[in-house]
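Summary of the model geometry
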Amino acid sequence: MTRGEEAALHAFVEGRRPALFRSAYLLCGNRDEAEDLVQTTLVKVVLGARRHGRLESLEAYARKTLVNTFISGRRRFWRREHAYGEVPDVAGRPVDSDTGLMVRAALAGLAPKQRAVLVLRYWEDLSVAATAQVLGMRESTVKSHTARGLAALRAAVREEYA
Amino acid sequence: MNQEAVTEYVRELLGRAVDDVRMPESRGSETVFAKASRVRWRRRTAATGVAAAAVAAALVFGPGVLDTGHGASVASAPTAGEYTTKAGRFAKLLPAGTGKISEISLLRLMKQAPKAGQPKPVGPYDGDYAVARPDGVGYISVNVTPRSAVDAKTDGAGLRNPCRDAPRDGRVGCTTQKLSDGSLLGVWETPPADPALHPVPAGGREFDAGLRLKDGRYLVVRVSTGFQGKGQLGPLLKTPPLTRAQLARLIQNPALLD
């Protein structure tokens, strides 16, 4: 990698961090976890960019790494969601009428892949096809995850303003 | 609402969810590059260190644990307690014939990160234990949550009935029992994750017990047949290391708390 490419990589890591953090926060619903996810993602991006020796599509690579790292982290054995295996976390439930809390609670109730689909489709503004490519799933699966995710959001909004 | 309006609306909702979140102070790109260099170095050295790691693991866990096809069987390996005194003391709380007990860290095994930080133990036996038997290796985990942490997580409301959401949440056979000292015991089974959704590492059968103590603390003990994937110490056990009844007896042992 040339000195100019290294500088561009540094600039990407520095500049893209806030946007990645916001997506990570929507996925994790937790600030510390989101920060760790972004850090892990950026390390993987740097390793990948150096290994392949090219910088095209860094943006897409980072996005894909972020969501897939998030999903694989959720698969881990002891991190499967045990409702009472660990102390129940009420922070994810809405305690007042704040819309942000309500949306975060609705997202927390979704499966990781459904959450990832919503974030990619509506926050990162990707098409169904691009979302399917990032997540390695069929377009029909993306559509069904989207429908379920939107239904959950809709239900949460209805409850909030009922 | 047309598709465009839906997209706008959902985007606005998601925007509200991140609006009030304080951005972390940037650790700086240097930390990312430093970590990347360390990972790269570790990967290079790992390739040459596999043989040494196998020898080290055999020394720590005994020759029967690593499924190499050589060496002594688990049955003939030294008895519980030879490797750490904590594991030895814990083994004495278990029914005879449970298996060979070694203290391990599931986090480090599964993350393949030998230096990963460990949560600070609260109870005297808090931690993870491998249970080696001739047919494989299972695990027992013990964790005490202090009242302050329970209060923080439940907004001071304390824990509810542990079976309230079962079986809707996937747990099966959840039963509760009010004990004479006022604590509430819940025991349930967590079925293996759907391999289509959670392909790695694949977990086995698992019994869990949660004890809501009168003083507000919460004790959890998990027993599982093990997991398959990177870091596994052996094949899955045919049955969890303890039966539900044995697990219920173990979690009521006051030694786990003080």
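Residues numbered from 1 in each chain as written. Chains lettered and ligands numbered in written order. Predicted model: local features only at pLDDT ≥ 70, side-chain atom pairs only at ≥ 80, totals over all residues. Heavy atoms only, no water.

**As for the overall build of chain A**
Stated formally: The helix count covers DSSP runs of H or I at least four residues long, the strand count covers runs of E at least two residues long, and both are numbered beginning at the N terminus. Partly exposed residues are those whose accessible area sits between 20% and 50% of the maximum for their type, while under 20% is buried and over 50% is exposed, using a 1.4 Å probe and protein chains only. Whether two residues touch is decided by their heavy atoms; if any such pair falls within 4.5 Å, the residues are in contact. Each accessible area is a Shrake-Rupley result for a 1.4 Å probe, and residues are judged covered by the shown protein chains and nothing else.
Helix and strand counts for chain A stand at seven helices and zero strands. Starting at the N terminus and ending at the C terminus, chain A contains elements arranged as α-α-α-α-α-α-α. Going through the 162 residues of chain A one by one, you find that 53% of them count as buried. Considering only residue pairs separated by 6 or more positions, chain A has 62% of its internal contacts joining residues 24 or more positions apart. Entry remark: accessible area of chain A is about 7,400 Å², with carbon and sulfur atoms responsible for 49%.

**Comments concerning the overall build of chain B**
In terms of helices and strands, chain B carries six helices and nine strands. When burial is assessed residue by residue, chain B has 42% of its 258 residues classed as buried. In chain B, the proportion of contacts linking residues at least 24 apart, taken out of those at least 6 apart, comes to 57%. When the accessible area of chain B is evaluated, it comes to approximately 13,800 Å², of which 55% is carbon and sulfur surface.

**Looking at the packing of helix H4 (residues 99–108) of chain A against helix H1 (residues 3–19) of chain B**
The following threshold applies: Helix axes are fitted only over the stretch in contact, all axes being lines through C-alpha atoms; the angle between N-to-C directions runs from 0 to 180 degrees. Just so you know how the angles are binned, under 35 degrees is roughly parallel, over 145 roughly antiparallel, 65 to 115 roughly perpendicular, and the rest oblique. Basically, the charged four are Asp, Glu, Lys and Arg, the nonpolar ten are Ala, Val, Leu, Ile, Met, Phe, Trp, Tyr, Cys and Pro, and anything else, Gly included, counts as polar.
Two elements in contact, H4 of chain A and H1 of chain B, have axes whose closest approach is 7 Å; the angle formed by their N-to-C orientations is 105°. What the angle tells us is that H4 of chain A and H1 of chain B run roughly perpendicular. Every residue of H1 of chain B that contacts H4 of chain A at Thr99, Gly100, Val103, Arg104 and Leu107 of chain A is listed here: Leu13, Leu14, Arg16 and Ala17 of chain B. Among the residues making up the contact of H4 of chain A with H1 of chain B, the classes are represented as five nonpolar, two polar and two charged.

**Focus: the pairing of strand E1 (residues 100–104) of chain B**
Residue and element names in this part refer to chain B. Rule in force here: Strand pairing requires that DSSP identify at least two bridges connecting the strands.
In terms of residue burial, E1 counts as a mostly covered element, since four of its five residues are buried. Bridge analysis of E1 against strand E2 (residues 127–133) gives five bridges, and the strand direction is antiparallel. Directly across from Ile104, in E2, lies its bridge partner Asp128.

**Considering the sheet that holds strand E4 (residues 172–178) of chain B**
Residue and element names in this part refer to chain B. Within the open sheet, the seven strands sit side by side as E1-E2-E3-E8-E7-E5-E4. Their pairing is antiparallel. Strands at the two margins of the open sheet, each flanked by one partner only, are E1 and E4. Strand-to-strand twist in this sheet, taken as the mean axis angle between neighbours without regard to direction, amounts to 15°. On the sheet, helix H3 (residues 85–92) packs against E1, E2 and strand E3 (136–145) and is oriented at approximately 135° with respect to E1.

**With respect to helix H2 (residues 31–52) of chain A**
Put simply, the rule is: Between the first and last residue of a helix there are one fewer steps than residues, each counted as 1.5 Å, and that sum is the expected span. Each polar contact in these results corresponds to two N or O atoms within 3.5 Å; when the atoms are within protein, one needs to be able to donate a hydrogen and the other to accept it, and residues that are neighboring in sequence are counted only if both atoms are side-chain atoms.
Its 22 residues place the ends of H2 of chain A 31 Å apart at the C-alpha level, agreeing with the 32 Å of an ideal helix rising 1.5 Å per residue. Residue Asn30 of chain A occupies the N-cap position of H2 of chain A, its side-chain oxygen lying 2.9 Å from the main-chain nitrogen of Asp32 of chain A.

**With respect to unusual backbone geometry**
Residue and element names in this part refer to chain A. One non-glycine residue, Asp125, lies in the positive phi region at around 60°. Note on placement: Asp125 falls in the loop between helix H5 (112–123) and helix H6 (128–135). A relative accessible area of 52% places Asp125 in the exposed class.

**Some points on the nonpolar core**
Test applied: We define a nonpolar core as any set of buried Ala, Val, Leu, Ile, Met, Phe, Trp, Tyr and Cys residues linked to one another through side-chain atoms lying within 4.5 Å.
If you look at the biggest cluster of nonpolar residues, it comprises 58 residues, and the most contacted ones within it are Leu26, Leu27, Val103 and Leu135 of chain A together with Leu14 of chain B. If you tally residues by element for this core, the top one is helix H1 (residues 3–28) of chain A, at 10 residues. Residues in contact with Leu26 of chain A, not counting those within four places in the same chain, are Leu107, Arg115, Val119 and Trp123 of chain A together with Leu14, Ala17 and Val18 of chain B. Ranked by size, the runner-up nonpolar core spans 28 residues in total, among them Tyr125, Ala209, Leu242 and Leu257 of chain B.

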